[in-house]
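Commentary on secondary and tertiary structure
The residues making up each chain are set out below.
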Amino acid sequence: MSWLRRHAVRIVGLLVMAYILLPNLVVLAYSFNKPKGRLNITWQEFSLDAWLNPCNSPGICSSVGLSLKIGIIASLTATVLGTLVAFALGRHRFRGRAGTNVLIFMPMATPEVVMGSSLLTLFIALGVGTGQTTILIAHIMFCLSFVVVTVKARIASLDPRLEEAAADLYASPAQAFRRVTLPLVAPGIAAGALLAFSLSFDDYIITNFNASPSSVTFPMYIWGAAQRGVPVQVNVIGSVLFLAAVAFVGIGQLLASGRQRARA
Amino acid sequence: MSDAAVAVPPPRRRVRRNWVPYALLAPGLLWLVVFFVVPTVSLVSQSLQTGDVFNGYTLTWNVQTYVDALGTYWPQLLRSLVYAGLATVFTLLLGYPLAWFIAHRSGRLKNVLLVLVIAPFFTSFLIRTLAWQTILGNGGLLETTMGALHLTWLLHGFESFLGLVNLGTGNQLLYTPFAVVAGLTYNFLPFMVLPLYANIERLDLRLVEAASDLYATPASAFRRVIWPLSLPGVVAGTLLTFIPATGDYINSVLLGSTQTVMIGQVIDSQFLRVLNYPLAAALSVALMALIITFVTVYVRRAGTEELV
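Residues numbered from 1 in each chain as written. Chains lettered and ligands numbered in written order. Predicted model: local features only at pLDDT ≥ 70, side-chain atom pairs only at ≥ 80, totals over all residues. Heavy atoms only, no water.

Here is the rule: UniProt positions are given in the numbering used here, feature names are shortened, and annotations may be inferred rather than shown by experiment.
As annotated in an unreviewed UniProt entry, chain B carries the name Spermidine/putrescine transport system permease protein and comes from Phycicoccus duodecadis. UniProt, in the comment section headed Sequence similarities (unreviewed entry), describes chain B in these words: "Belongs to the binding-protein-dependent transport system permease family. CysTW subfamily." Under the UniProt heading Subcellular location (unreviewed entry), the entry covering chain B gives this text: "Cell membrane".

Looking at an unreviewed UniProt entry, chain A carries the name Spermidine/putrescine transport system permease protein, with the source organism given as Phycicoccus duodecadis. Its UniProt record, at the heading Subcellular location (unreviewed entry), says of chain A: "Cell membrane". You can read under Sequence similarities (unreviewed entry) in the UniProt record for chain A the words "Belongs to the binding-protein-dependent transport system permease family. CysTW subfamily."

Encoded structure:
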């Protein structure tokens, strides 16, 4: 009983971790399934077919391609715009600062269905047809705030004495920014860009409001497939995304902790 | 989120060229004004218009749309708030121990666990929700596993319990309110864990020791010391969970039934299938207004009664 009490936090923590990871493991396991018919819900037999031919289901790889394209353009644009805003908020006092903070916060506090539908009413009112461009506009809009918040947090945690030290060593403001501030903020910018990309790549609700039948992103493809049975290839792509994310974030964490240890 | 994280040290030197911040802000803010503020105005305007898709719309300040919309769809609206509220409570109950575990009890595993909490962000929300169909379905993974462990009676007992508390039908888990709330809880858990973790990690554990030196039991040390200090994280996490969960309909479509329709589903189909734009816009505006009211009241209460 006392053992249980002493380890309660650990046990509950590990159980919740299992809850978080279980669906990912199921997706991975069922990517090796060979389903009878279209439904990949019950286990039939082990097969590598889907892994060897990930594009074998019509439309799947072009939807992944479109999502990648939109994700890259949207996250790059949102990162540039958001980083500029973050520097303005983190490094300057100016009139309208509080209002700007509210405006940045609002898109994060608005449900996706409201944002998607309000953009759609604008496009309808303007008579603009929906498609790739409107998806991009929407994605840049909702990624922007997340980039600002991520980069701003990094700027806030910087020691202002570092820039002062650079100035004392005769660096011009431009040199101090380029050689001292920017490298220190860079991890925040990278994190913001990564977050923006994953938000864009994964979004269904806003995209669905602002897409056309010819612009099918990967989440829209899955949604459509869910009505008639999801092909195993979807599990393969989901697993690749998961493993790539674990590897990517894992390597980043290792590098960061390695650098910390080297410094200590 | 909270302004504590944003506490910027005021710049030492007064910035002389005052146009610099505005130049930095301009492109980003212009984007938000044109594609967030203007559409919101457009949404409100659309909700007060009359007309149809083919003959166009005119602004007639027709408030009747709101009366009709709320009169017909208040159950879905209410259900969305209840499901999102339940999911928020569950994410807090699950997320708090997890955040505490990662922050203070995981030792060298800390970074690995953080990665595993964040990694699902990068995997598709939809694919993982579909995986719950495989897990919860009749003849699915959960039932098979329980059968193999001779624990089917436990599962059926749980299903009957869900039927008793009106969260299920009594003979299945999938396509019930239970599945929808479990899916929402699952999908929004990282949104709760990350702000909580950021907050709990900075807590000074010596405060707990000090409390117990002053004869506090672990329970009262938690209630009087730890919980008040972690409130900023709790408020941030609950908002980040509750707001998107209220508008979400992926979970209710994939894991629920016609009995679990949430308001996002109604807005989606009125906009994209029925093409009743004023009604759909009115529902969107009503949802937003409800959330703003809820959040304002909640932040006030959390801010005055607990934080002081």
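**Observations concerning the overall build of chain A**
Test applied: For helices the rule is a DSSP run of H or I covering at least 4 residues; for strands it is a run of E covering at least 2, with both sets numbered from the N terminus onward. Here the term buried applies to any residue with accessible area under 20% of the maximum for its type, exposed to any over 50%, and partly exposed to those in between, with areas from a 1.4 Å probe on protein chains only. Residues are treated as being in contact if the distance between any of their heavy atoms lies within 4.5 Å. Under the convention used here, a 1.4 Å probe and the Shrake-Rupley method define accessible areas, while residue burial counts only the protein chains that appear.
A tally of regular secondary structure across chain A gives 12 helices and 0 strands. Reported as C-alpha extents along the three principal axes, the dimensions of chain A are approximately 70 × 65 × 40 Å. Put simply, chain A has 264 residues, and 49% of those count as buried. For chain A, restricting intrachain contacts to residue pairs at least 6 apart in sequence, the fraction spanning at least 24 positions comes to 71%. If you sum the accessible surface of chain A, you get close to 12600 Å²; carbon and sulfur atoms cover 67% of it.

**Quick look at the pattern of salt bridges**
For clarity, the threshold we go by: Take a side-chain nitrogen of Lys or Arg and a carboxyl oxygen of Asp or Glu: if they are within 4 Å of each other, that pair is a salt bridge.
Counted under the stated rule, the structure contains 4 salt bridges over all chains. Asp159(A) serves as the salt-bridge partner of Arg161(A), at 2.8 Å between the closest nitrogen and oxygen. Residue class for Arg161(A) comes out exposed when judged on its relative accessible area of 56%. The exposure class assigned to Asp159(A) is partly exposed, which follows from its relative accessible area of 31%. Measuring nitrogen to oxygen at the nearest pair gives 2.8 Å for the salt bridge that ties Asp204(B) to Arg206(B). You can call Arg206(B) exposed: its relative accessible area is 58%.

**Thoughts on helix H9 (residues 218-247) of chain B**
Quick note on the threshold: Every helix has an expected span of 1.5 Å times one less than the residues it contains. Note on bend: at a given residue it equals the angle between the axes fitted to the 7 residues ending there and to the 7 starting there.
Taking 1.5 Å of rise per residue, the 30 residues of H9(B) would be expected to cover 44 Å, yet its terminal C-alpha atoms sit only 38 Å apart, more than 12% below that figure. The largest bend in H9(B) amounts to roughly 50° and is located at Leu231(B), with the proline Pro232(B) lying one to four residues further along.

**As for the interface of chain A and chain B**
Short version of the rule: Throughout, the accessible surface (probe 1.4 Å) given up by two parts as they are put together, summed over both, is called the buried area. N or O atoms closer than or at 3.5 Å make up a polar contact, with two conditions inside protein: a donor-capable atom paired with an acceptor-capable one, and, for residues adjacent in sequence, both atoms drawn from side chains. Note on residue categories: nonpolar means Ala, Val, Leu, Ile, Met, Phe, Trp, Tyr, Cys or Pro, charged means Asp, Glu, Lys or Arg, and polar means any other residue, Gly included.
Between chain A and chain B, the contact holds 83 residues from the first and 82 residues from the second. Surface buried jointly by chain A and chain B totals about 7900 Å² across both partners, of which 79% is contributed by carbon and sulfur atoms. At the junction of chain A and chain B, the tally comes to 0 salt bridges. Put simply, chain A and chain B have 11 residue pairs in polar contact (both at pLDDT 80 or more) between them. At 16 residues, helix H2 (residues 8-30) of chain A tops the list of elements feeding residues into the side of chain A that touches chain B. Here the side of chain A that touches chain B is built from residues that sort into 57 nonpolar, 17 polar and 9 charged.

**Let's talk about the UniProt feature "domain: ABC transmembrane type-1" (unreviewed entry) in chain B**
UniProt records the feature "domain: ABC transmembrane type-1" (unreviewed entry) at residues 77-296 of chain B, using the numbering of this structure. Secondary structure content for residues 77-296 of chain B is 80% helix and 0% strand, while the C-alpha to C-alpha distance between its ends is 18 Å.

**With respect to the UniProt feature "domain: ABC transmembrane type-1" (unreviewed entry) in chain A**
The UniProt entry lists residues 64-252 of chain A under the feature "domain: ABC transmembrane type-1" (unreviewed entry), expressed in the numbering used here. Along residues 64-252 of chain A the backbone is 81% helical and 0% strand, and the end-to-end C-alpha distance reaches 25 Å.

**Side note on the UniProt feature "transmembrane region" (unreviewed entry) in chain A**
Residues and elements named next belong to chain A. When the UniProt feature table is mapped to this numbering, "transmembrane region" (unreviewed entry) covers residues 12-32, 70-90, 102-128, 134-151, 180-201 and 236-256. Each end of residues 70-90 is marked by a C-alpha atom, and these two atoms are 29 Å apart; helix forms 100% of the span and strand 0%. Between the first and last C-alpha atoms of residues 180-201 the distance is 33 Å; the span itself is 100% helix and 0% strand.

**Let's talk about the UniProt feature "transmembrane region" (unreviewed entry) in chain B**
Mapped onto this numbering, the UniProt entry annotates "transmembrane region" (unreviewed entry) at residues 19-38, 81-101, 113-135, 174-198, 225-242 and 279-299 of chain B. What you have in residues 113-135 of chain B is 91% helix and 0% strand, and the ends, taken at the C-alpha atoms, are 23 Å apart.

**Concerning the pairing of strand S2 (residues 56-59) of chain B**
To keep it simple, the criterion reads: Only strands that DSSP links by at least two bridges are regarded as paired with each other.
Note that strand S1 (residues 49-52) of chain B and S2(B) share 4 bridges and pair antiparallel. By the bridge assignment, Thr50(B) is partnered in S2(B) with Thr58(B).

**Looking at the state of the cysteines**
Every disulfide links exactly two cysteines, by a covalent bond between their sulfur atoms. Residue and element names in this part refer to chain A. Note the cut-off: Count a disulfide wherever a pair of cysteine sulfur atoms falls within 2.5 Å.
In this structure the tally under the stated criterion is 1 disulfide over all chains. The disulfide partner of Cys-55 is Cys-61, and the S-S distance across this bridge is 1.9 Å. In this structure, the disulfide formed by Cys-55 and Cys-61 twists by about -90° around the S-S bond and is classed as left-handed. Cys-55 sits in the partly exposed class, given a relative accessible area of 47%. Judged by relative accessible area, which is 28%, Cys-61 ranks as partly exposed.

**Side note on the packing of helix H8 (residues 206-213) of chain B against H9(B)**
Residues and elements named next belong to chain B. Rules: Think of each axis as a best-fit line through the C-alpha atoms, taken over the contacting stretch in the case of a helix, with angles from 0 to 180 degrees between the N-to-C directions. Orientation categories follow fixed angle ranges, with anything under 35 degrees roughly parallel, anything over 145 roughly antiparallel, 65 to 115 roughly perpendicular, and all other angles oblique. Here is the rule for handedness: rotate from the far helix to the near one, and if that takes an anticlockwise turn smaller than a right angle the crossing is left-handed, while a clockwise turn gives right-handed.
At their nearest, the axes of H8 and H9 sit 10 Å apart, and the two run at 155° to each other. On the basis of the axis angle, H8 is roughly antiparallel to H9. Crossing handedness for the pair H8 and H9: right-handed. Contacts from Leu-207, Val-208 and Ala-211 in H8 reach Ala-221, Val-225, Ile-226 and Leu-229 in H9.

**A look at the domain arrangement of chain A**
All names here are of chain A. Condition: Throughout the structure description, domain borders are defined by an automatic or database domain assignment.
By domain assignment, chain A separates into domain 1 (59-229) and domain 2 (231-263). One C-alpha centre belongs to domain 1, the other to domain 2, and the line joining them spans 21 Å. On the side of domain 2, 6 residues touch domain 1, which itself brings 9 residues to the contact. When the two sides are added together, the surface that domain 1 and domain 2 hide from each other amounts to roughly 600 Å², 91% of it contributed by carbon and sulfur. Its largest share of buried area at the contact with domain 2, domain 1 owes to Ile-60, Leu-194 and Phe-218, together 50% of the area lost on that side. Connecting domain 1 to domain 2 are 0 residue pairs in polar contact (both at pLDDT 80 or more). Here the side of domain 1 that touches domain 2 takes 4 residues from helix H11 (residues 218-228), the largest share from any one element. Of the residues contributing to the side of domain 1 that touches domain 2, the split by class is 8 nonpolar, 1 polar and no charged.

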